Amino acid sequence: MSEKEIGKGRTLTFEILKYTPSDPESKPHFATYRLEETPGMTLFIALNMIREEQDPDLSFDFVCRAGICGSCGMMVNGKPLLACRTLTKDYPKGVIRLMPMPAFELLKDLSVNTGRWMNGMSKRVESWIHRSKERDISVLEERVEPEIAERTFELDRCIECGICVASCATALMRHDFVGAVGLNRIARFYVDPHDERSDEDFYELIGDDNGIFGCMALMACEDHCPKKLPLQEKIAFMRRKMASIK
Amino acid sequence: MKIQYCDALVVGGGLAGLRVAVATKEKGLSTIVLSLVPVKRSHSAAAQGGMQASLANSVMGYGDNEDVHFADTVKGSDWGCDQEVARMFVTTAPKAIRELAQWGVPWTRISGGPREVVINTERTTIEEADGAHGLINARDFGGTKKWRTCYTSDATGHTMLYGVANRAIRDDVDIRDRKEVLSLIHKGSRCYGAVVRDLVSGELEAYVAKATCIATGGWGRIYRTTTNAVICEGTGQAAALETGIATLGNPEAVQFHPTPIVPSGILLTEGCRGDGGVLRDVDGHRFMPDYEPEKKDLASRDVVSRRMMQHIRAGKGVPSPFGDHLWLDISILGREHIEKHLRDVQEIARIFNGIDPADEGPKGWLPVRPAQHYSMGGIRTKATGESPTLSGLFSCGEAACWDLHGFNRLGGNSVAETVVSGMIVGSYMSEYCMNNEADIDTATIEKFVAEQYDYIGEILSRPVGEENIFAIKQRMKDIMDEKVGIFRDGETLYGAVEELRELLQRSSKAGVRLKSRGANPELCEVYRVPRMLKIAISVAYAAMLRTESRGAHFREDHPERDDLHWLKRTIVKWTDPQSTLPHIGFESLDIMKMEMPPGFRGYGRKGMTVEHPLSRKRQEEVDTLRARMELEGRDRFEIQDALMHFELPENYKEKNERFGVGYE
Ligand SMILES: Cc1cc2nc3c(=O)[nH]c(=O)nc-3n(C[C@H](O)[C@H](O)[C@H](O)COP(=O)(O)OP(=O)(O)OC[C@H]3O[C@@H](n4cnc5c(N)ncnc54)[C@H](O)[C@@H]3O)c2cc1C
Ligand code: SF4
Ligand code: FES
């Protein structure tokens, strides 16, 4: 297999941005590490090897290491990617430059505070089911059209990795922009029959330039979204809905 | 010193912790959740396959109810579970799933009419009732009599976690991430909160609470190959153990999942086999029916994992640079099914192995080998979720030994346990908070904070170079994989315990290169690894002492399940902090109180049980009582209550309505 041919024993060069903003003495700089490539190597494996063998101070975030939890977004040669599912063999030149994702608060090195950002977004778009009364949980559940459940699920697959935000020109300029992730979340509750919010309610939440009208339709978000969410279509749909309210 | 007061402190923001927090917050209690990572990134997000609840909406689930779910769970546990807890669980599970539906979990729904499925490698058409259209669907899972595992495609844990987390955000629960609990604050036999390290600033803080709940998930990362996330290191359970008062139950009960992919160890859900996928060997032969004619590829996990290793040992494995493995074939399900219902599986296989499992024939087969997956053991609690020895300390989810799973957990019962126990334990914990004050003096709080402060200072003062913490950690993982794995024996386990004790000693000499109390990844390793080693020692030592085979615990030198001597729960206490060994005792399970006395599981090895004479006696008692009450025209609820009464808080004991049968 070609995987083995390229993947054997190559020496990889990593250039990684190191910086601790909370430390007044720390200055942003690139540190260089060299590492022998192993078959099937991911950035998760490589970064842990660097930490264990070369730089115990290097900070980065991984949890599931399987592309499921959304912890490990970072800029890989300029592109925002989930590091755990990025294979080193896909970099034929063997030079990999890693930087933290922009738009988020930098904690240290490659570790950024996506958690706080996403929490703010969740509150901002009121990312929960709104219902006037709750149903008795001992009785049969409310029926949902299988199609609709599936459509809701499709949009519920977002893992809040922040990659759409890091690749979005609006988000980089406007700190309060909810991002594709926030607009997708609205679209998700919009289709969910359990949610009783009206178009007007949604307009209240995103009917401004930090919401649906801030999107410049450059669509880098959808190109990079690791879950391949239909962001373009959903944002366009919500924009039509919201524009009709004004 | 920073002291933060609250009523309810919840350590861990996975499904279990968040559901507890929603419960306490609902009662008007000030509630704080602490987590190592943003809570939506907790490992619950990785659960793919589904959640068991006996809704019986699908035609393949007709006849299912609490009784059937109960029997499956008890058999699955190899009679190691607490049957009262199992009853509490199966009664609440349908309510939990219906609650989650309202909170926005987009459960996959039933379409009325014909549906094509794969059963026993054959494509078959089943006919769903039109009346069931739009109700929650279920799939088949190992060790269950009915199709009971409800799901959202193969991202069940993710959608559940987002549903519960969003609910907690709605209720304004105070959630703080990048916070690590180092130790528990306690005085006498009462717990008052925790000492916490901020992982960004390195600062230590005291969180003082009326009640504290540990919901820190599994400890799989003490093993080298595991499906668990990198944060599943058992440090929450270690904090409880280090009180010297709280105890762990059944640490040796470790589940190995049959189908993690080789070599990364990333899980391929049981839904693969549930939906009709099969295991194959080096010759492409489907071997499970040879061993398990009845349940085949869907016997319980402990049985399938052992059969796979047995088959590999018999020379039928597929050689690879990463050791021998077997194949998982889901290509027979067809591309359409895979791309709709097993998409994450396909994505994982494509990205990490370059294989498209929908490709027909051997090209699409996935390399799999059993690996550590789930910790049945954990912080021992009563049925209320409270520690029997340290009052004010609660625990639930995978971190706890509430004892729903005994020696083997059924697939789909774990995410179900997290939310169900969250509801139940959250309710009991609220009650505790309302009846107790946090009557603790600041001197005691300061003492506990100072202890951790000094400990970190001592670590920073160690010379560098004598011991390397990464090497010690790696060795621990190797020992656990090689000596405390699927097949165990006394001598090897003894060796494992001895070497782990030595590692624990050596770990106290590991220094750090960066001498900073702030964000410092190596420092984290140095204080975490000794705690992980204490868990590892507890697992290995308990495995060594248990001279029988039960569920996932398999001793080659003691292959029979020995009800006569071992119908007992292991209880671990670490009383002497200087010692490298805990104290291990055992608590007996009372057969005469069981609703379902020990018998044959219906899969696995027959005739390999040393019976307890009381099992037969109790069975006769149960049969007589049941026959008499049936004659008297009593219903199944009355009979169940007469056999084994159990309590539930709130309205969780109400009967569950089911499609077509009402409240029967
Ligand atoms: C790959 C995989 C697939 C699975 N699939 C299924 C399935 O299909 N069906 C099923 O029923 N079960 C499944 N399981 C099991 C199930 O997912 C877990 O048992 C369950 O989600 C655990 O939930 P939890 O809330 O107890 O813990 P977790 O979700 O693991 O959460 C633990 C929390 O504790 C925090 N924490 C840990 N230590 C500390 C500390 N020291 N201080 C502060 N916070 C801390 C973490 O940050 C995290 O928030 C699967 C497990 C795995 C590994
Ligand atoms: S929309 Fe896609 S890129 Fe954006 S946060 Fe969600 S999963 Fe990540
Ligand atoms: S570590 Fe979970 S997505 Fe990368």
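Computed from a prediction, not measured in an experiment: that's the story for all the values here. (Residues numbered from 1 in each chain as written. Chains lettered and ligands numbered in written order. Predicted model: local features only at pLDDT ≥ 70, side-chain atom pairs only at ≥ 80, totals over all residues. Heavy atoms only, no water.)

Turning next to the packing of aromatic side chains. Residue and element names in this part refer to chain A. Applying the stated criterion to the full structure yields eleven aromatic pairs over all chains. Ring geometry for Phe 44 and Phe 62: centres 5.1 Å apart, planes at 75 degrees, overall edge-to-face. Here Phe 44, found in helix H2 (residues 43-53), pairs with Phe 62, found in the loop between H2 and strand S3 (73-76); they are 18 residues apart in sequence, far enough to count as distant. Residue Phe 44 shares its accessibility class with Phe 62, and that shared class is buried. Measuring from ring centre to ring centre gives 5.6 Å for Tyr 190 and Phe 202, while their planes differ by 50 degrees; the resulting arrangement is tilted. Pair noted here: Tyr 190 is in helix H7 (residues 179-191) and Phe 202 is in helix H8 (residues 199-206), with a separation of twelve residues, a long-range link. Owing to a relative accessible area of 22%, Tyr 190 belongs among the partly exposed residues under this scheme. Grouping aromatic residues by their ring pairs yields a cluster made of Phe 44, Phe 60 and Phe 62. Between the NZ or CZ atom of Arg 97 and the centre of the ring of Phe 30, over which it lies, the distance is 3.9 Å. Directly above the ring of Phe 237 sits Lys 234, whose terminal nitrogen or CZ lies 5.5 Å from the centroid. (Phe/Tyr/Trp six-rings, centres within 6.5 Å; stacked < 30°, edge-to-face > 60°. Helix = DSSP H or I, 4+ residues; strand = E, 2+ residues; numbered from the N terminus. Buried < 20%, exposed > 50% of the residue type's maximum accessible area, 1.4 Å probe, protein only. Lys NZ or Arg CZ within 6 Å of the ring centre and 35° of its normal.)

What follows deals with the sheet that holds strand S15 (residues 366-368) of chain B. All names here are of chain B. In spatial order, the strands read S13-S14-S15; together these three strands make up an open sheet with antiparallel pairing. Looking at which strands have only one partner, the edges of the open sheet turn out to be strand S13 (278-280) and S15. Mean inter-strand twist for the sheet, computed between neighbouring axes without regard to direction, equals 40 degrees. Note that strand S14 (residues 326-329) and S15 share three bridges and pair antiparallel. Each residue of the ladder has a partner; that of Leu 326, found in S15, is Val 368. Of the strands in this sheet, S13, S14 and S15 touch helix H8 (residues 301-316), which is tilted by about 130 degrees from S14. (Pairing = 2+ DSSP bridges. Axes fitted to C-alpha atoms, helices over the stretch in contact; angles between N-to-C directions. Contact = heavy atoms within 4.5 Å.)

Attention now goes to the domain arrangement of chain A. Interface size is commonly expressed as the accessible area that is lost once the parts come together. Residue and element names in this part refer to chain A. With domains assigned, chain A is organised as domain 1 (3-112) and domain 2 (125-135 + 144-243). Domain 1 and domain 2 are separated by 30 Å when their C-alpha centres are compared. With 14 residues of domain 1 in contact, the opposing surface of domain 2 contributes 13 residues. Carbon and sulfur atoms make up 70% of the surface buried where domain 1 meets domain 2, a total of about 1,000 Å² over both sides. If you sort the residues of domain 1 by the area they bury against domain 2, Pro 80, Leu 82 and Ala 103 come out on top, with a joint share of 38%. Put simply, domain 1 and domain 2 have zero salt bridges between them. Seen at the junction of domain 1 and domain 2, the total is one residue pair in polar contact (both at pLDDT 80 or more). (Domains from an automatic or database assignment. Buried area = accessible area lost by both parts, 1.4 Å probe. Salt bridge = Lys/Arg side-chain N within 4 Å of Asp/Glu carboxyl O. Polar contact = N/O pair within 3.5 Å; in protein donor to acceptor, adjacent residues only side chain to side chain.)

So, about helix H15 (residues 521-545) of chain B. All names here are of chain B. The end-to-end C-alpha separation of H15 is 36 Å, in line with the 36 Å expected for 25 residues at 1.5 Å each. Taking the largest bend as the criterion, H15 deviates by roughly 30 degrees, centred on Arg 528, and proline Pro 530 comes between one and four positions later. For H15, a buried count of 24 out of 25 residues is recorded, marking the element as mostly surrounded by other parts of the structure. (Expected span 1.5 Å × (residues − 1). Bend = angle between axes of the 7 residues up to and from the residue.)

Looking now at unusual backbone geometry. Across the chain, the bulk of peptide bonds are trans and the bulk of non-glycine residues have phi less than zero. Along the chain, B:Val262 connects to B:Pro263 via a cis peptide bond; the corresponding omega equals 0 degrees. You can see B:Pro263 is positioned in the loop between strand S12 (254-257) and helix H6 (271-274). The phi dihedral of A:Asn77 falls on the positive side, at around 45 degrees, and the residue is not glycine. Structurally, A:Asn77 can be placed in the loop between S3 and strand S4 (79-82). One non-glycine residue, B:Arg178, lies in positive phi territory at about 55 degrees. With respect to the helices, strands and loops of the structure, B:Arg178 is situated in the loop between strand S7 (174-177) and strand S8 (179-187). Under the relative-accessibility criterion, B:Arg178 is labelled buried at 11%.

Let us look at the site of ligand 1. Residue and element names in this part refer to chain B. Taken together, 39 residues sit near ligand 1, with Ser 42, Ser 44, Glu 398, Ser 414 and Val 415 positioned nearest. Thr 235 places a polar side-chain atom, nitrogen or oxygen, 2.9 Å from a nitrogen atom of ligand 1. For ligand 1, a nitrogen atom lies 3.3 Å from a polar atom in the side chain of Arg 409. Contact with the protein chains covers 98% of the free accessible surface of ligand 1, which is 1,000 Å². Broken down by secondary-structure element, the contributors of at least two residues to the shell around ligand 1 are helix H1 (15-26), strand S2 (31-35), S8, strand S16 (371-375) and helix H11 (413-435). Among the elements that line the shell around ligand 1, the one with the most residues is H11, at four residues. Of the residues in the shell around ligand 1, the class split is 14 nonpolar, 21 polar and four charged. (Near = heavy atom within 4 Å. Areas by Shrake-Rupley, 256 points an atom, 1.4 Å probe, with all protein chains shown as cover. Nonpolar A, V, L, I, M, F, W, Y, C, P; charged D, E, K, R; others polar.)

With that settled, the discussion passes to the interface of chain A and chain B. Counting residues at the interface gives 66 residues for chain A and 75 residues for chain B. Here chain A and chain B share an interface that buries about 5,800 Å² over both sides, 53% of which is from carbon and sulfur atoms. On the chain A side of the interface with chain B, the three residues burying the most area are A:Arg65, A:Ile137 and A:Glu141, jointly 14% of the side's total. Seen at the junction of chain A and chain B, the total is eight salt bridges. A salt bridge links A:Glu134 to B:Arg167; the nearest nitrogen and oxygen atoms lie 2.9 Å apart. Run the count over chain A and chain B and you get 35 residue pairs in polar contact (both at pLDDT 80 or more). Those elements that provide at least two residues to the side of chain A that touches chain B are H2, strand S6 (106-108), strand S7 (111-112), helix H3 (114-124), helix H4 (146-156) and H7 of chain A. If you tally residues by element for the side of chain A that touches chain B, the top one is H4(A), at seven residues. Classifying every residue of the side of chain A that touches chain B gives 27 nonpolar, 13 polar and 26 charged.

If you walk through the whole model with that rule in mind, you get 90 salt bridges over all chains. One salt bridge connects A:Arg185 with A:Glu160, and the closest N-O pair in it is separated by 3.1 Å. Taken together, the residues A:Arg185 in helix H7 and A:Glu160 in the loop between H4 and helix H5 (163-166) connect sequence positions 25 residues apart. A:Glu160 matches A:Arg185 in its accessibility class, with the two residues each being buried. B:Lys363 is the salt-bridge partner of B:Asp359, the closest N and O atoms lying 3.4 Å from each other. Members of the salt-bridge network, linked through shared partners, are B:Asp78, B:Glu252, B:Asp302, B:Arg306, B:Arg546, B:Glu548, B:Arg550, B:Arg561, B:Asp563 and B:Arg601.

Residue and element names in this part refer to chain B. End to end, helix H17 (residues 613-631) covers 28 Å across 19 residues, agreeing with the expected 27 Å (1.5 Å per residue, within 8%). Burial in H17 covers these residues: Ser 615, Arg 618, Val 622 and Met 629. When H17 is viewed along its axis, its buried side chains cluster within an angular range of 75 degrees and face the same direction. Of the exposed residues in H17, those oriented more than 90 degrees away from the buried face are Pro 613, Arg 616, Thr 624 and Leu 631. Buried-residue contacts for H17 involve helix H18 (636-643). Trailing H17 by a residue or two, Gly 633 shows a phi angle of about 80 degrees, which is positive. (Arc of directions from axis to C-beta.)

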